[in-house]
Amino acid sequence: MNWMTFSGPEIFYFGASLWFLLLTFTAKPESVNSGARGRTYLTAIFLASAGILVCLASVHAEGWLFIKAYKVDPFSQVFKTLLSLGLFLIVCICGQMTDIDERRHNEFFFLLFSCTLALMLLVSADHLLSIYLSLELSSYSLYILVALRKRRAQGLEAGIKYFLIGSFASAIMLFGMALLYSTCATAYLPEMAKVLPGMIGAPAVVTGLVFTLGGFFFKLAVFPFHSWAPDTYQGAPNQVAAYIATASKVAGIAIILRVLASAGQGSPYLVHILVILSVVSMTLGNLAAIAQKDLKRLLAFSTVAHSGYVLLAVLVMDASAYSAAIFYAVAILVMKFTAFMVVVELAPDGRNLRIDELAGLHRRSPLMALALLVALFSLAGIPPTIGFTGKFLIFTAAIQKGYVALVIIAMINVVISLYYYLLVIKAAYLLEPARTLPPLVLSFPKRLLAGLSIVTIVVAGFCPYWLIQIAQAAAQPLILGR
Amino acid sequence: MQMEPASFPFLSAILLSCVVGMITIIVIPEEKKLLIKQVSVFFSGICLLLSVYVFFAFNRSAGGFQFVENVNWIPSLGISYFNGVDGFSLPNILLTGIVFFTGVLTMWELETRVKEYFALYFVLVAGVFGLFMSLDLFFIFVWYDVSLFPMYLLIAVWGTTRKEYGAMKLTLYLLAGSALILPAIIFLWAKSGLDTFSFVSLMHPGLFTPSVQKFAFLLLFIGFGILAAVWPFHTWSPDGHVAAPHGVSMVHAGVLMKIGAFGVLRLAIMLCPLGWIYWAKLMAVLAIIGIIYGALAGLRQTDLKYVIGYSSVSHMGVVGLGLSTVTVEGLNGAVFQMFAHGIMTALFFSSVGYIYDRTHTKNIPELGGLSRIVPVASAFFIVAALAGIGLPGLANFWGELVVFLAAFKVYPLFGVIAVVTLVVTALFMLRVVQKTFYGPANPRYAALRDVTPWLGVPRIILVAVLLILGLYPALLFNVIRTASVPFMNGLPR
């Protein structure tokens, strides 16, 4: 059967999450020892790295599944590879999850793998219903993951906030999808792409599109669906926050690109709305981040700002913008992960990290300090980093379409964002802790991971051609699919 | 535009020695401070030798772009790794080489966090070199920011007066400049329709419509003008100079501000000549305000470094005035002044550094009579001050003279004002020299030891360069002319 050959990643991740689900049934609650924990962790690492290989093996697959509601093309396969990479990176920093009850580690990995599976389904979804189903599946896993934290009050509060805003957003999305379906009489994206250009000016269509996008805005933390981000990042276990900031964002970018590429062409109203949301998101995110004392909250607001930059690429809606957005998804994955890796390493007990706790980091661990420095400069968009190259690609696409003023606003935002990133860097490099803290001892794999992250950010920023080519290849189906 | 490919990639070799130097420093353990300094001297020495070689090997009769290296980098966007030097960039590359080398020697006595300092210092200089030699707009921007981002740490960690404030202000100001430059670069790229970031392809008169040129020129002029400390965007510069450690002040005032002026020349003026002609009067007004403002503000300062900082604003105003005349002489004088000012401020900060390291003060009233205690160290500062006044026989004289002559022809009133302001500059420079080095000596510093020959090396190099160019300015003018004359001849009128 040929569907087995090209839905390899989905089957693999389904199997992997089933495996962890079985483990949760068999493990005896009383007798969790370090050996069992180590075995679980090694299994997770092994499965996550094998997942990358499976995704790479099926990267050239193409075809449809489930009466054409599920599309496998270079776009989805590249994103699946990115997601598998994201999962692997997150699993790498899950070595000491002191913040999650030891008896729950199997459940944790079960949810992590099933969430990744859902995100993979999402990037392939080509029908409103399959989009909705996979989006909800991923969200439900995340709601529980956020609430898994040992620090009950924080985790539960964050989980409930996340859940309430999430269900609100998905209700709006469902309403928008209903509107779209009622006007287009089809729920297939390619079919809609054929019908919509004739009636894109109709209020019901624009409303339907904007409401549908609301669900993705929630995923990306775009204004006005951003308010969950700071509280959830702060309340969630550090590793889960890292996962939300990386893999979940990547999938969000993918689906918004897929939907807008087929359904959003040619509507000036929609573009105006996206322009406003983009400007508000980046400005609000950057201004709010200035006041933050907690590093995770700061990163959450910077995520809101970055979603604004992504929207800038999305609203341009042409080939170079799509590939720029895909490139930026890679950039977000790498740089956000590096920043969160530092958070996880510096708070081995899983507490929330205040910015002033970074004091003396340059002496305790020069490598971690350097990783933080590079990640933050990359987030700010200073060359030669992958974050800069991503922004550069987005800006070239936008200016080619004539959005010069928008790009200048975005660049002013870059300056604002540099201010608070510099405050963090100042804490790491200048401030001295009140009492001397011992040097941070890092195991060899962790040092390797940090070193590789730094090298990736810099090299991919300086020699991006290879990555740009991949992004262009991945963007190809979006243009042909029209 | 004539282009001569390089037989050997000398320009990339300069960049490479910066990068290899940085990596070597990172690899050396932190405790081996002396070794780190020796390695720094070694690699910065290679950079200096290469830049001197390139300067003298440049074919002055042929002109155009020489030592050209061109490698496709991102073909889909038309970005290439494209290096080359012409008469405008060559003096700046030599300047960077000299200031880099002497800056390393000036920080010879550094003891805190030596490894990080020199590693960041190499990154900074790599960015500066890259910017001067690059002929691709994308890379020009990348190098611009590469030279910016080490600045925050260099100033905030090793600096002195109000260092965190100065560092933050400087970084944000300069990044605000880049926020205007990047859209302008991409805007030009999009409007050209050539799908290339290559400077040489974009530099054709008539490629851009006048309105495009006017708009892009303004963005580029303000963006780079911030870095060149054009009034009213200059306020970061005195604060930044004062806060920075001496070696960084040297690079910063000596070279980094030149990046601003060079960026205005290379991108704004050469790509948008019609915009240049249109906005020239504005440039002249801002420049003249800068000249007067810097001189008057300098009069009131009691901190040695603030004095130099404000004099820099004034002297960079001279560069701006030269650029605003739209004449060959104006361009020649401006580029010459960029070089001369770079060497002079480097000498200033280097000698102040020596005094500050011994006395731990830069406050003029606390010093006094130093010339009797440390005659050699004082002499270096006095030479720099005399150069700042524009004494004949030192390099700055020629730069200012040529600029003022050009300005007299185009803007007679501004020419007069500028020359009058020179008197004010002379006044405050001499006042500083008198109060610091003559008069009653502060007994607290009676036991100071004078500059040893080894520590004197960097200052002697700088003094020698000032003297050589003061006596034989054609050495530099001949090079600059190879770029300025063809450019002005090709200008659409």
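Residues numbered from 1 in each chain as written. Chains lettered and ligands numbered in written order. Predicted model: local features only at pLDDT ≥ 70, side-chain atom pairs only at ≥ 80, totals over all residues.

Comments concerning the overall build of chain B
Check the secondary structure of chain B and you find 19 helices and 3 strands. At 21 Å, chain B has a C-alpha radius of gyration in line with the 23 Å of a compact globule built from 493 residues. For the C-alpha atoms alone, the extent of chain B along its principal axes is close to 70 × 55 × 40 Å. For chain B, the proportion of its 493 residues judged to be buried stands at 61%. (Helix = DSSP H or I, 4+ residues; strand = E, 2+ residues; numbered from the N terminus. Rg over C-alpha atoms; globule rule 2.2 N^0.38 Å. Buried ≥ 20, exposed ≤ 12 C-beta atoms within 10 Å, placed from the backbone.)

Section: the packing of helix α2 (residues 33–57) of chain B against helix α4 (residues 114–133) of chain B
Residue and element names in this part refer to chain B. Where α2 meets α4, the axes come as close as 9 Å, and the angle between the chain directions of the two elements is 15°. What the angle tells us is that α2 and α4 run roughly parallel. Crossing handedness for the pair α2 and α4: left-handed. Together, K33, I36, K37 and S40 of α2 and V114, K115 and F118 of α4 make up the contact between the two elements. Of the residues that constitute the contact of α2 with α4, the class distribution is 3 nonpolar, 1 polar and 3 charged. (Axes fitted to C-alpha atoms, helices over the stretch in contact; angles between N-to-C directions. Parallel < 35°, antiparallel > 145°, perpendicular 65-115°, else oblique. Left-handed = near helix turned anticlockwise from the far one by under 90°. Contact = placed C-beta atoms within 7 Å. Nonpolar A, V, L, I, M, F, W, Y, C, P; charged D, E, K, R; others polar.)

Examining the nonpolar core
Note on soluble globular proteins: their nonpolar side chains tend to be buried together. Counting 394 residues, the largest nonpolar core has A325 of chain A together with I343 of chain B as the members making the most contacts within it. In terms of residue count, helix α14 (residues 319–346) of chain A provides more of this core than any other element does, 22 residues in total. The residues touching A325 of chain A, leaving out its near neighbours within four places in the chain, are I253, L257, V310, A313 and V314 of chain A. (Core = buried A, V, L, I, M, F, W, Y, C linked by C-beta atoms within 7 Å.)

Some remarks on the packing of helix α7 (residues 152–184) of chain A against helix α10 (residues 228–235) of chain A
Each pair of packed helices can be summarised by the angle the axes make with each other and by the distance between the axes. Residues and elements named next belong to chain A. Running from N to C, α7 and α10 point in directions that differ by 150°, and their axes come no closer than 8 Å. Viewed along their axes, α7 and α10 adopt a mutual orientation that is roughly antiparallel. Two packed elements cross with a definite hand, and for α7 against α10 that hand is left-handed. Touching Q154, G155, E157, A158, K161, Y162 and I165 of α7 are W228, D231, T232, Q234 and G235, all from α10. The residue makeup of the contact of α7 with α10, split by class, is 4 nonpolar, 5 polar and 3 charged.

Here we look at the pairing of strand β2 (residues 65–74) of chain B
All names here are of chain B. As judged from the 2 bridges shared by strand β1 (residues 3–5) and β2, these two strands associate in the parallel manner. Across the sheet, the residue bridging to P5 is V68, located in β2. Bridge count between β2 and strand β3 (residues 79–85): 6 bridges; the pairing is antiparallel. Within the sheet, the bridge partner assigned to V71 lies in β3 and is Y81. (Pairing = 2+ DSSP bridges.)

Points about the confidence of the model for chain A
In the predicted model, chain A carries a mean pLDDT of 86, and 97% of its residues have values of at least 70. Model confidence for chain A, summarised as mean pLDDT per element, is weakest for helix α1 (residues 2–6) of chain A at 59 and strongest for α14 of chain A at 92. (pLDDT = per-residue confidence, 0-100.)

Quick look at the environment of R300 of chain B
Residue and element names in this part refer to chain B. Considering the arrangement of structural elements, one finds R300 in the loop between α11 (273–299) and α12 (304–324). Judged by C-beta crowding, with 10 C-beta atoms within 10 Å, R300 ranks as exposed. Expressed as a C-alpha distance, the spacing of R300 and G159, which sit 141 residues apart in the sequence, is 23 Å.

Observations concerning the interface of chain A and chain B
Chain A puts 25 residues into the contact, and the matching count from chain B is 25 residues. Of all the secondary-structure elements, those providing two or more residues to the side of chain A that touches chain B are α17 (386–400), α18 (404–429) and α20 (465–480) of chain A. In terms of residue class, the side of chain A that touches chain B is built from 21 nonpolar, 3 polar and 1 charged.

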